Amino acid sequence: MKLEMEGRVAVVTGGGQGVGRGICLELAREGAFVAVNDLFEERAEAVAEEIRQQGGKALAVAADITAQDQVRAMFARIQAELGAPTILVNNAGIIPERREKGGKTPRFLDMPVEDWAKIVNLNVYGTMLCCRAALPAMAENRWGRIVNIISEAGRVGEANMAVYSGAKGAIAAFGKALAREHGRDGITVNAVALGAVSHEGIKDGPLHVDATPENNEVLAKLLSMYPIGKGAGRLARPDDVSAIVAFLASNRSLFITGQTVGASGGYAMV
Ligand SMILES: NC(=O)c1ccc[n+]([C@@H]2O[C@H](COP(=O)([O-])OP(=O)(O)OC[C@H]3O[C@@H](n4cnc5c(N)ncnc54)[C@H](O)[C@@H]3O)[C@@H](O)[C@H]2O)c1
């Protein structure tokens, strides 16, 4: 299937590693010009360079997406250097601090109130700011695709991830509202819900790329929650997610809007 993405300008937030990097590479392979955003310039630049090495066109745009002035400046630069972005993948997100309490995330009542803001700011406010910046040009072009990367925690709730679950659920609902407001402009807004995704940015534990059910007991337990993971003997990787994102970001998915697609190997069937 041809995704008809050649020459479209895409912005991927948090594209400097992990899931976001996988999405950047996939969109570039499909012919999109990719603005790789990350908080860290060197991460964004490394992925942009990887795309160029593979013959694609990319621009590294470092910015903190929770800061409105930086988001505005980033979109202005993308418009000037690549053209009007009509694809936005809101990928940058943060999960609760795992190092506390011996690697476990805290229960809601044990989580300091000061820690809520970090999670809500990036997952919710950052996504909203990027949508605010991207929508006018999409509406003017009468074509746009917004794909929000959420978590199955945002659909079914996850113990010890209460604030994160709420933040991701908020974005699923926010996206549905935008889908209703902007369908008339030819803009679709969808979410992709992930379960655990193993990638090169995760330094240890069951999500480390070298973890196997044989050498990591926690991974063995984790896999029992993923029907496809059980069969494959592994968790999802960025490539398992990026193909779905690319389809939702393409011309071929026009009649899919306001939806949440689970890409979690059957972790949640809702
Ligand atoms: N990896 C998983 O198991 C998993 C599971 C469910 C959902 N998700 C979701 O998938 C998305 C990507 O996850 P990941 O594991 O690749 O994350 P990651 O933490 O490995 O990478 C996120 C990237 O975002 C960047 N970033 C952080 N704050 C930023 C900011 N303020 N502005 C711009 N960039 C910023 C980071 O520098 C980093 O490069 C997130 O939304 C996450 O919630 C991941």
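Predicted model, so just to flag it, every value in this text is computed and none were measured.

Time to look at the overall build of the protein. Across its full length, the protein holds nine helices and seven strands. Taken against the 2.2 N^0.38 rule, which gives 18 Å for 270 residues, the C-alpha radius of gyration of the protein at 18 Å falls within 12% of a compact globule. Oriented by its inertia axes, the alpha-carbon framework of the protein measures out at about 50 × 40 × 35 Å. Intrachain contacts of the protein at a sequence separation of at least 6 include 71% that bridge at least 24 residues.

Moving on, we come to helix α6 (residues 162-182). In this model α6 runs 30 Å from its N-terminal to its C-terminal C-alpha over 21 residues, within 8% of the 30 Å that 1.5 Å per residue would give. Residues of α6 that are buried in the fold lie against α4 (114-141), β5 (144-151), α5 (153-156) and β6 (187-194).

Turning next to the pairing of β5. In terms of burial, β5 is a largely internal element, eight of the eight residues being buried. Along β5, one buried face is formed by Gly 144, Ile 146, Asn 148 and Ile 150 and the opposite face, lined by Arg 145, Val 147, Ile 149 and Ser 151, is buried too. Two elements, β5 and β6, share eight bridges in a ladder whose sense is parallel. Residue pairing for β6: Ile 146 is matched across the bridge by Val 189.

Quick look at the site of the ligand now. Residues in close proximity to the ligand total 29 residues, the closest being Gly 14, Gly 18, Val 19, Gly 93 and Leu 194. The set of elements that each furnish at least two residues to the shell around the ligand consists of α1 (18-29), β2 (33-38), α4 and β5. Counted by class, the shell around the ligand contains 12 nonpolar, 14 polar and three charged residues.

Rules of the game
Residues numbered from 1 in each chain as written. Predicted model: local features only at pLDDT ≥ 70, side-chain atom pairs only at ≥ 80, totals over all residues. Helix = DSSP H or I, 4+ residues; strand = E, 2+ residues; numbered from the N terminus. Rg over C-alpha atoms; globule rule 2.2 N^0.38 Å. Contact = placed C-beta atoms within 7 Å. Expected span 1.5 Å × (residues − 1). Buried ≥ 20, exposed ≤ 12 C-beta atoms within 10 Å, placed from the backbone. Pairing = 2+ DSSP bridges. Near = placed C-beta within 6 Å. Nonpolar A, V, L, I, M, F, W, Y, C, P; charged D, E, K, R; others polar.

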